[in-house]
Each structure stands twice: as structure tokens, then as C-alpha cells.
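An overview of the molecular structure
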Amino acid sequence: MEALAVRLSGLNPYVDGALRIVAFYDTLIHRRVNVSALARASAGLAECVAGIRLHGTGRAIRVAPDGEPAPAASSPASTTTPITLDEEEIGTAWLERPGAPNALDGILLDRLAIAAATAVERYGPARTTMADPALVELAISSDSDEAARARALRLLGFTAHSPVHVVAVHARLPLDRIAALICPARPVKSAPLADVGAVLAAAVDRTGFPDGVRAGIGSGGSPDRSWQRARTALRFTTARRPVVHHDDLGALALLAQVSRDSTHDNADVAAVARIAGNSEDLETLDAYCATGSLRRAADLLHLHHSSVARRLKQIAKVLDIELTEPRGLMRAALALTAWRLHDG
């Protein structure tokens, strides 16, 4: 390598510099340095602030050329590159160079990303959250025997006595990123299954779900039971209530066991289906059932209460239910929920 570098440097100084950068990071990898040491070494080599952020921890490491933490006031990132492990993006590396990027910055960041992924794989705790879907399915399937389930959980990184929460997810965002946000302390594993994403986690932070995600959180003694409950909870999610824990459903969870034919034969559900053709009426009924109050529903819809009152009067005629009475409100809420479970 050294002989080749000498020969090539005579032809192209850029190649000489690139080979020296490759050798530099190969040495760091061989010495098994951690992510913080990689950031310090990179800042010194680049002679500018270098940064590394791992999605799993959410913490950014920014180091100045002298090896000290970089001050808050610094140049914006001039060059960035993703850090990937097992084809999953697990973080980002960047340089904060004043002025135009250096010709070798791209090479430096590429090698830094490779070295950072190697360090993450070796040391954690930001190890990739993605898992073999077959292992995840084995862990949560009701057809698995206990020995196979225990082995799958062990291979996924869960100890024999650690709690396992299961989440069913519908989202456009990468599943691994969602998993890292709701369980930053680990262990957490995720995998896309046939029709929904599955996340297995030691703990779940309900506030960590980003916007646009629908999620049902399961509970129960075994992962297979938790998965069944998570899928049930997912069916109860709405735009207004995107994350639902099965424990919070109580007796409402029984509605998920009612067949589609039975709901279609019910007069209240059929009436809700007719209302569903008008999005304004459906939204008004949903807000009123959620709040149980005309004025609170009006606040939720950003409308004057008289406008909401007129809508509810018309909706009550279609439903043939007196919505101002507690019994009528309960009927409407149950019918709306039953309609959503099968057709909403």
C-alpha cells in the first residue's frame, strides 16, 4: 500500500491524500477506538469541527480541532454523510468547515462513516434496531412453542427476565427510526411484517412517536398475546388519537371481536355509515363523541358553537338518536367506533 501510494502521489497528489486518509481510518478501526475518539481524531485530521449523531441515542458529538467539545457557535455543516449498518441508516457524520469544503472532505467523511458503523457494532448502545423479520415473527406468533420463542427473543437481544412490549405500527417513516425514538435506552428491535410494522422493546415512551404515525401498544405476559392486543389497539387509532394502548380501551376492546356482518346489520352503525359520506358531519360527530360537550367540540373544530349545534341537530335526525342525552351519546360513540373498526 505504501509503495502504491508513493507511485500514485507522483501522478496525482489527490490520490496520495485519499490513500493517507484511508490508512488513517484503517488504523483507528484496528485500534478499536470508540465513536467519541473517532470524532476527536477526525476533527484533528480535518482541522475543523467534526460531528457524529447516532439515531439510537439522539446525542450529537461535536469536537473542535484541539480535541475539546466544540462551542455552540460554529459554522453550519459543510459536508455530511449517512452512517449505515446492515443497510440501515443509524446516524450522520459531518464537518463544519468555514468556507468551501476541502477536496478530500468527501473521502474523509466516507471513511469516518465506515469507522463509526464499526464502532457502533462493536460497542453499542446504538446498535441497529432492525431485526430479521423471521425472528420477530417467531417471537410474536401464537403458533410458536415456548422454547422457540425464548430462543428468538434471546437472539434479538432480550434476556430471559427482561420485559418485552410489543407495538404494531403504521407509518411512512422508517421503522427503525421510530423504534429508536420510542425506546432510546434499548433493547429494541423492529421488523416490517406482511401488513404492519412490529416493534419489540424493553420499554415504550408514548410521547416519542413522531407525527403521522399510527401505533397500537400491546400488553400481556407473553409477546404473542401482546402482539394480538397491539394489533387490536391499532384498529382503534384515529387522526385525533394516533397512539392507543390496549390497557386504555377497557371494555371497548370487546367491539373488535364483533364480526363485520353483525355491525353492518346494526341500525346505528348503518346510520353512521350514511353520515360518513359527508366528511364535515363525520368530523363533527367524532369531536362531539370525544368531548361530550357542544362547546368543547366547537373549540376542537375551530367553529362557533351555533354552527356545531346546527350540524348535530341534522346528524341526530339521520341517526334517529337524541345526542343530548347520555344514553344517546353512548349509542352514537359505540356506533361510530364499531363502524371505524370495520369500514372507517
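Residues numbered from 1 in each chain as written. Predicted model: local features only at pLDDT ≥ 70, side-chain atom pairs only at ≥ 80, totals over all residues. Heavy atoms only, no water.

1. Points about the overall build of the protein
Along the protein, the regular secondary structure elements total 15 helices and nine strands. Scaling as 2.2 N^0.38, a compact globule of 344 residues should have a C-alpha radius of gyration of about 20 Å, whereas the protein reaches 27 Å, well beyond that. Classification of the 344 residues of the protein by burial places 44% in the buried group. Counting only contacts in the protein whose residues sit at least 6 apart along the sequence, the fraction spanning at least 24 positions is 59%. Taken as a whole, the protein presents about 18,100 Å² of accessible surface, with 52% of it coming from carbon and sulfur. Where the 38 positive side-chain charges of the protein centre and where its 38 negative ones centre are 3 Å apart. (Helix = DSSP H or I, 4+ residues; strand = E, 2+ residues; numbered from the N terminus. Rg over C-alpha atoms; globule rule 2.2 N^0.38 Å. Buried < 20%, exposed > 50% of the residue type's maximum accessible area, 1.4 Å probe, protein only. Contact = heavy atoms within 4.5 Å. Areas by Shrake-Rupley, 256 points an atom, 1.4 Å probe, with all protein chains shown as cover. Lys, Arg positive; Asp, Glu negative; His and termini not counted. Charge placed at Lys NZ, Arg CZ, Asp CG, Glu CD.)

2. Section: the packing of aromatic side chains
Centre distance and the angle of the planes are the two values used to describe a pair of aromatic rings. On inspection of all chains with the given rule, the structure shows one aromatic pair. Ring geometry for Phe24 and Tyr25: centres 5.2 Å apart, planes at 85°, overall edge-to-face. Assessed through its relative accessible area of 0%, Tyr25 is described here as buried. (Phe/Tyr/Trp six-rings, centres within 6.5 Å; stacked < 30°, edge-to-face > 60°.)

3. Some words on the sheet that holds strand β5 (residues 165-170)
Spatial ordering of the open sheet is given by β6-β7-β5-β8-β9, a layout of five strands whose pairing is mixed. Sheet topology places β6 (188-192) and β9 (243-245) at the edges, where each strand pairs with a single neighbour. The sheet shows a mean angle of 15° between the axes of neighbouring strands, direction not considered. Strand contacts of helix α5 (residues 133-140): β5, β6 and β7 (197-201), with the helix running at about 70° to β7, the strand carrying the most contacts. Those strands touched by helix α8 (residues 223-235) are β5, β7, β8 (214-217) and β9, and its axis lies near 35° from that of β5. (Pairing = 2+ DSSP bridges. Axes fitted to C-alpha atoms, helices over the stretch in contact; angles between N-to-C directions.)

4. A look at the nonpolar core
Tyr25, Val35, Leu38, Ile52, Ile83, Leu95 and Leu112 are the most contacted members of the largest nonpolar core, which totals 31 residues. Of all the secondary-structure elements, those providing two or more residues to this core are α2 (13-30), α3 (35-46), β1 (49-54), β2 (60-63), β3 (79-85), β4 (88-96) and α4 (105-123). Per-element accounting of this core gives the leading share, nine residues, to α4. With residues up to four places along the chain from it excluded, the contact list for Val35 reads Ile52, Leu54, Ile61, Ala116, Ala119 and Val120. In this structure, Val269, Ile315, Leu319 and Ile321 belong to the second largest nonpolar core, which totals 25 residues. (Core = buried A, V, L, I, M, F, W, Y, C linked by side-chain atoms within 4.5 Å.)

5. Here's the deal with the confidence of the model for the protein
A residue-level look at the protein finds 93% of positions with pLDDT of 70 or above and a mean pLDDT of 88. Here residues 1-11 scores under 50 on pLDDT; set against residues more than four positions off or in separate chains, the count is six contacts. (pLDDT = per-residue confidence, 0-100.)

6. Brief notes about unusual backbone geometry
Positioned with a positive phi, Glu47 is a non-glycine residue whose angle comes to about 60°. Here Glu47 is to be found in the loop between α3 and β1. Looking at Glu47, the relative accessible area reads 65%, which means it is exposed. Positive phi is not limited to glycine here, since Asp320 has a value of about 60°. Looking at where Asp320 falls in the secondary structure, it is placed in the loop between α14 (305-319) and α15 (326-342).

7. Thoughts on the side chain of Thr79
Looking at the secondary structure, you find Thr79 in strand β3. According to the relative accessible area criterion, Thr79 is buried, its value standing at 17%. The residues touching Thr79, leaving out its near neighbours within four places in the chain, are Ala93, Trp94, Leu95, Pro101, Asp105 and Leu109.

8. As for the pairing of β3
Note that β3 and β4 share seven bridges and pair antiparallel. Looking at the pairing, Thr84 lines up with Glu89 of β4.

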